[in-house]
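Take a look at the letters that make up each chain.
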Amino acid sequence: MIIAKRRKFAQRTRIASIACVGITLLIGMASYPSSCRSQAPQRPSEPVPVNFPRFLVPGHQKEMDGLRSLFWLHYPAAARAASPTLWDEWLSAPSLWPALVAGDSADGRTSRERWRQALSTRIVDREGYVATHQHISMAHPLGWPLPPGYWGSRGCQWHFSFQNAIPSPYRYDKLSTPEGWTLSGALSADVKADGWHIALSSPNAVLTAPAKDMDAAQAPFLLLNWRGVGIGTLRPYIEWTTREHPQWSARRRVDFEPPTLGEKRVYHRGTKVLWDAVEANDIVYQPIAVFRHPQWRGDITRLRIGFGNREAKGHAVVQALVSSFDTRHNANNQAFIAGCASYFGWSGDIAFLRDNMPRMRTALRYLQHEFEIPQHGYAWTKWPGHDGRSGIARQADGTIQPLPGRGIGSNYWDLLPFGGKDTYATILYFGALRHIIDLERLILAHPEWKVLGSGPRFNPKQLEEHAAHVKSVSNRVFWNTATQRFAANIDSDGQAHDYGFTWLNLEAIHYDFATPEHAAQIMAWLDGRRVVAGDTAQGHDIYHWRFGPRATTKRNLDYYTFWWNKPEQTPWGHQVQDGGAVLGFSYHDLMARLKILGPDNAWTRLRQIAMWFEDVQNAGGYRAYYKTNPGGATLQGGGTAGGLGVDNEFKESVLLPQVLLDGFMGFVPRGDGFALEPRLPREWPEFTIDRISWHDQILRVRATHNSLEIGRQTSSGASPTVSNVAIPVATPNVICWIKLPQGFKRVDGAPLARRSDGAFGVRWSQTQSVRFEKSNR
């Protein structure tokens, strides 16, 4: 992602359904404006703070220290909690558990405080869609931004003012004039700094745009930036004519709801997302979903705005009317749910849960309804441009024809179409289901939290049955029997697309979405124990980049969004999404190995990554190391496209060392305790992680092959309370329930508390440490 410079705005510009946070990721973009480049991390040799968590393994401390350095290198960017929604799951946990002292951050806030605010202010629109929280462009304001160079030629763009508006380069730079527009029941006042002022001189005033040759498929949304002043009651609408129907008619009309003074709307002020009441001078960004109308088809020739004003008074200010592709993401809601669950598990912030559990439920219901998941057993995306078909078509002579408006990205992997019957959206939905099931059960078990009354609830037993159905159906529908792995999706023509998406298949294992049989086949493919005919990368070459598997194993020259229409000009492995790799997603590879192949196999892979990172450190950092193009590598980030994503916009690199806590230690935070299931390689006599910030405690966990010890640590040697947690959590005297694998018993002699599910109860206000051992029986 690219960090845009902050700007001071004299006037607030409010947006009906989205806001701008000034961060952009377009993996396929060859270049970015210099004002929008993020800074690369500091050199890996920079000392790690003494109060940063340590990973301790006797005999392998060199590798552990290297992984700790990698963790610290990427931690600060993750802890800022300033990324778009799709990073909510990946960045929250790694930046929530390290117990740093208060005041470590530049703005004086703790990571928990920043994550609490970020998640609590995620925009959930009236339908339940969670906004992307990227900066504004001419794309859908709730979706992913695209510069005008990636737009089709048959839309519309009228900008009467750039004041506090869509920033360059995400709009056309030429201002429009009222020339060619006609007014009925209205008078043109003037084009001022904030837009075209129009006095409404009669009821039912109408503003008609000049003739325009538009393709409805390239304009599923119209974005109207405007405000009304002193107009009174309005019933505004958009009307259009077509080549086939050149006369105006109410049958080709879409009504939209005007903003009301005092009504809460989402808007952006500079690069910040805010939610506040509409004021008189606010410009509202209003997306109008014309694609939902059955007659928004074919060639659109004219547009007009009807104000529907009952009285001849007041005036309107039109800043812009532009057509917009549908760049929404079908992965946002899942990421938001996962991020909220992660925050609550680590913080125990019950007030947050009360406020956000209704929003999480709304987000899940939106997924179910919008993508018809209960009916089909998988997510079926039917948004304009998201039907799974490619945005490019290869002609008989080998040339490529772009198909504007088709193959628009639906998730992090923005060059690839996805959508249609979408495997990845379904995998993420399955993961979100598991989070909601766990939270609903916790809420039922803890009526004292008083979350029960927070809106309509899900029945966890029914959700369990639904999750089992989704897993069963999807493993049948999306499994490619020829390659023995999951395809990315099935498009609206019934065509499955499989380019050896390693990350997708590994996440299927990580979320327990893949059946055991399918998981075994996936790992056999990645380990080179079976070869997929036709793949470009086979066997050891899948791990050519050392730190992780290639993102794809089959060369892709035909399956892209419409604006990435010269793929043959980029060599294999020189594009992240075509044979390249992303450092952070090695986390899912390692977690899958732990689950399917065991800790020894996972440790062998992790040790190879540690050796790679040692080479990076010795060279002086990522950029210095890859300057010589080892193995033909090219880095993406900071303004250039490339094959490897490790720094700059790739903040998810912080995920990789998280495998030590989540995987090898098996630490899973919960609202009323945590689970532990250590999986130690045979080479490790013991494994310790310290400075784990859980709820209002700092913990140190030490595991051997037959024992566990959990102790409280102090913050700067004075108090055992986490000094960087400035958010109220559950009262310190509540019981912490620790869930361990079967066969463990408590041996420290402290009073024993057990729950019906076998969890051990500990009151940290009365206990300094607890010890468990495996029973010999």
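Residues numbered from 1 in each chain as written. Predicted model: local features only at pLDDT ≥ 70, side-chain atom pairs only at ≥ 80, totals over all residues. Heavy atoms only, no water.

The next subject is the confidence of the model for the chain. Looking at the chain, pLDDT values average 88 and 86% of them are 70 or higher. Segment residues 1-40: pLDDT under 50, and 175 contacts once partners within four positions in sequence are set aside and those in other chains are kept. (pLDDT = per-residue confidence, 0-100. Contact = heavy atoms within 4.5 Å.)

Attention shifts here to the nonpolar core. One finds Leu364, Trp413, Trp612, Tyr622, Phe664, Phe687 and Ile710 to be the most contacted residues of the largest nonpolar core, which totals 174 residues. Of the residues forming this core, the biggest block, 13 residues, is contributed by helix α7 (residues 423-445). Contacts of Ile710, omitting those with residues within four sequence positions, involve Phe674, Leu676, Leu699, Arg700, Val701, Ile738, Trp764, Gln768, Ser769, Val770 and Phe772. In this structure, Phe160, Leu234, Val290 and Trp296 belong to the second largest nonpolar core, which totals 33 residues. (Core = buried A, V, L, I, M, F, W, Y, C linked by side-chain atoms within 4.5 Å. Buried < 20%, exposed > 50% of the residue type's maximum accessible area, 1.4 Å probe, protein only. Helix = DSSP H or I, 4+ residues; strand = E, 2+ residues; numbered from the N terminus.)

The N-to-C vectors of helix α11 (residues 586-596) and helix α12 (residues 599-619) enclose an angle of 155°; their axes lie 7 Å apart at closest approach. Considering their axes alone, α11 and α12 lie roughly antiparallel with respect to each other. Read as a crossing pair, α11 and α12 show a hand that is right-handed. Contacts from Ser586, Asp589, Leu590, Arg593 and Leu594 of α11 reach α12 at Pro599, Asn601, Ala602, Arg605, Leu606 and Ile609. Split into classes, the residues belonging to the contact of α11 with α12 amount to six nonpolar, two polar and three charged. (Axes fitted to C-alpha atoms, helices over the stretch in contact; angles between N-to-C directions. Parallel < 35°, antiparallel > 145°, perpendicular 65-115°, else oblique. Left-handed = near helix turned anticlockwise from the far one by under 90°. Nonpolar A, V, L, I, M, F, W, Y, C, P; charged D, E, K, R; others polar.)

Looking now at the pattern of salt bridges. Under the counting rule described, the total for this entry stands at 40 salt bridges. Here Glu614 makes a salt bridge to Lys62, at a shortest N to O gap of 2.9 Å. Separated by 552 residues along the polypeptide, Glu614 in helix α12 and Lys62 in helix α1 (residues 61-79) bring together distant segments of the chain. On the basis of relative accessibility, which here comes to 28%, the residue Glu614 falls in the partly exposed class. For Glu464, the salt bridge is made with Arg441, and the minimal N-O distance between the two is 3.1 Å. Taken together, the residues Glu464 in helix α8 (residues 460-477) and Arg441 in helix α7 connect sequence positions 23 residues apart. Glu464 gets classed as partly exposed once you look at its relative accessible area, which sits at 23%. We classify Arg441 as partly exposed; its relative accessible area is 40%. Through salt bridges that share partners, Arg154, Asp213, Arg243 and Asp299 make up one connected network. (Salt bridge = Lys/Arg side-chain N within 4 Å of Asp/Glu carboxyl O.)

This part is about the environment of Thr208. When you line up the elements, Thr208 lands in strand β9 (residues 206-208). Among all residues touching Thr208, those that are not within four sequence positions of it are Gly180, Trp181, Thr182, Trp248, Arg302, Leu303 and Arg304.

A separate point is the side chain of Asn475. As for its placement among the helices and strands, Asn475 is situated in helix α8. For Asn475, a relative accessible area of 5% corresponds to the buried category. Within polar-contact distance, the side chain of Asn475 engages the backbone oxygen of Phe513 at 2.8 Å. Side-chain polar atoms of Asn475 contact the side chain of His518, separated by 2.8 Å. (Polar contact = N/O pair within 3.5 Å; in protein donor to acceptor, adjacent residues only side chain to side chain.)

What follows concerns the sheet that holds strand β19 (residues 380-381). Read across the sheet, four strands follow the order β19-β22-β25-β26 without closing on themselves; strand pairing throughout is antiparallel. Taken across any chain shown, the strands that pair with only one partner, and hence form the sheet edges, are β19 and β26 (496-497). Pairing of β19 with strand β22 (residues 420-422), which is carried by two bridges, proceeds in the antiparallel orientation. Opposite Thr381, over in β22, you have Gly420 as the bridge partner. In the packing of α7 onto the sheet, contacts are made with β22 and β25 (489-490), and the angle to β22 comes to roughly 45°. (Pairing = 2+ DSSP bridges.)

Here we come to the packing of α7 against helix α9 (residues 502-510). Remark: α7 packs on α9, axes separated minimally by 10 Å, with the N-to-C direction vectors making an angle of 25°. When the interaxial angle is binned, α7 and α9 end up roughly parallel. Of the two possible hands of crossing, α7 and α9 adopt the one that is left-handed. Each of Thr423, Tyr424, Ile427 and Leu428 in α7 lies in contact with α9, whose residues at this interface are Trp503, Leu504, Glu507 and Ala508.

Most of strand β17 (residues 299-306) sits inside the fold, with six of its eight residues counted as buried. Where β9 meets β17, three bridges bridge the pair, whose relative direction is antiparallel. If you follow Leu207 over to β17, its bridge partner there is Ile305. In this sheet, β17 lies alongside strand β10 (residues 214-215) in antiparallel orientation, the contact comprising two bridges. Bridging from a neighbouring strand, Met214 pairs with Ile300 of β17.

Okay, helix α3 (residues 111-120) next. Of the positions making up α3, those classed as buried are Ser111, Arg112, Arg114, Trp115, Ala118 and Leu119. End-on view of α3: buried residues confined to an arc of 160°, all on one side of the axis. Among the structural elements, α1, α2 (88-96), α4 (332-347), α5 (350-370) and β31 (686-694) are those in contact with the buried residues of α3. (Arc of directions from axis to C-beta.)

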